[in-house]
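So you can see what is in the structure, the chains are spelled out below.
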Amino acid sequence: MTEPLPALDRFAIRMEFTYSVPPARIWKAITEELQAWWGPPYLLVDSELTELILEPRLGGRLYEKWGGSDGGIWGEVTSIRHDHWLEIRGQMGLRAPAVAIVCFEIDPVDAGCILKFSHVATGGADSQAEAAFTKGWKELLGDRLRRWLEQGIRQEEVPAVQA
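Residues numbered from 1 in each chain as written. Predicted model: local features only at pLDDT ≥ 70, side-chain atom pairs only at ≥ 80, totals over all residues. Heavy atoms only, no water.

1. Quick notes on empty space enclosed by the protein
Here is the rule: Cavities and pockets were defined on a 1 Å grid built from protein atoms only: a cavity is a group of points that admits a 1.4 Å probe but offers it no way out, a pocket is an open group of points flanked by protein on both sides within 12 Å along at least five of seven lines, and a lining residue is one with an atom within 4 Å of any such point. Grid points are joined across faces, edges and corners, and a volume is the space filled by probe spheres set on the points. Residue polarity follows a fixed list, in which Ala, Val, Leu, Ile, Met, Phe, Trp, Tyr, Cys and Pro are nonpolar, Asp, Glu, Lys and Arg are charged, and the others, Gly among them, are polar.
With the rule as written, the count across this model stands at 1 cavity of 30 Å³ or more. Looking at the largest cavity, the residues that line it are I30, L34, W37, W38, L54, L62, L86, I88, M92, V102, F104 and W137. Residue composition of the lining of the largest cavity, by class: 12 nonpolar, no polar and no charged.

In structure tokens:
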């Protein structure tokens, strides 16, 4: 008798953020200026990072360079519409065998734009991973990206919080 396969762990995170900048500005921050707002502890290898790169084209990669030929791929651009939509598919930071889809959708509004964000994952995507990614995306998109877009403050310029 064969045992049934275990159910795959999965999660779906959906968030919206409103920014007081035009869509083209947020697009540039997401596709060209990742290192200004994204960084430790939200990397594959925090201590060795030399670059975080997104190639904003169909089939382009989101990846970390750690020096020389070392690095890690987060995912591949599977759908893109300049200034409006970016979809990346890959492990997206999950350590276990997993696949995830991350989408950034930018919609203009009177006072700037809304970023509709989703991160859906299967395999190695349990409730602990969901909680960690929810917290991380809130900090990255709600705090760090906002500071960069609206105040021009790079992440490394933010004073460390004392424990």
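Let us keep going from here.
2. Remarks on helix α3 (residues 127–151)
The following threshold applies: Here a helix means four or more residues in a row that DSSP labels H or I, a strand means two or more in a row labelled E, and each is numbered from the N terminus. Residue count minus one, scaled by 1.5 Å, sets the expected span of a helix. The term bend refers to the angle at a residue between two fitted axes, each drawn through seven residues, those ending there and those starting there. Burial classes follow relative accessibility: with a 1.4 Å probe on protein chains only, a residue under 20% of its type's maximum area counts as buried, one over 50% as exposed, and anything between as partly exposed. Contacts are residue-level and defined by heavy atoms, with any inter-residue pair within 4.5 Å sufficient.
The terminal C-alpha atoms of α3, which comprises 25 residues, lie 34 Å apart, in line with the 36 Å expected from a rise of 1.5 Å per residue. The principal kink in α3, of about 35°, is found at L145. Among the residues making up α3, those that are buried are A129, F133, G136, W137, L140, L141, G142, R144, L145, W148 and L149. Contacts made by the buried residues of α3 are with β1 (10–19), α1 (23–31), α2 (34–37), β6 (99–109) and β7 (112–122).

3. A few points about the sheet that holds strand β5 (residues 85–90)
Note the following rule: We treat two strands as partners when DSSP finds at least two bridges between them. As a rule, the C-alpha atoms of each element are fitted with a line to give its axis, helices using only the stretch in contact, and angles between N-to-C directions run from 0 to 180 degrees.
One open sheet holds the 7 strands; their spatial order is β1-β7-β6-β5-β4-β3-β2, and the pairing between them is antiparallel. If you trace the sheet from one side to the other, it starts and ends with β1 and β2 (51–54), each paired once. Across the sheet, the axes of successive neighbouring strands diverge by a mean angle of 20°, strand direction being ignored. Sheet analysis places β1 next to β7, joined by 10 bridges and oriented antiparallel. Bridging across to β7, A12 finds its partner in V120. This element, α1, spans β1, β2, β4 (70–81), β5, β6 and β7 of the sheet and lies at about 155° to β6. Lying on the sheet, α3 is in contact with β1, β6 and β7; it crosses β1 at an angle near 15°.

4. So, the packing of aromatic side chains
We apply this condition: Any two rings among Phe, Tyr and Trp, with Trp reduced to its six-membered ring, count as a pair given centres within 6.5 Å; such a pair is stacked if its planes are under 30 degrees apart, edge-to-face if over 60, and tilted if neither. In this analysis the charged atom, NZ for Lys or CZ for Arg, is taken to sit over a ring once it is within 6 Å of the ring centre and within 35 degrees of the ring normal.
Within this structure, the stated rule accounts for 8 aromatic pairs. With a centroid separation of 4.5 Å and 50° between ring planes, the pair formed by F117 and W137 is classed as tilted. Of the two residues, F117 sits in strand β7 while W137 sits in helix α3, which places them 20 residues apart along the sequence. Neither F117 nor W137 differs from the other in exposure class; each is buried. The rings of W37, W38, W74, F104, F117 and W137 are connected pair by pair, giving a single aromatic cluster. Over the ring of W148 we find R154; its NZ or CZ atom is 5.6 Å from the centre of that ring.

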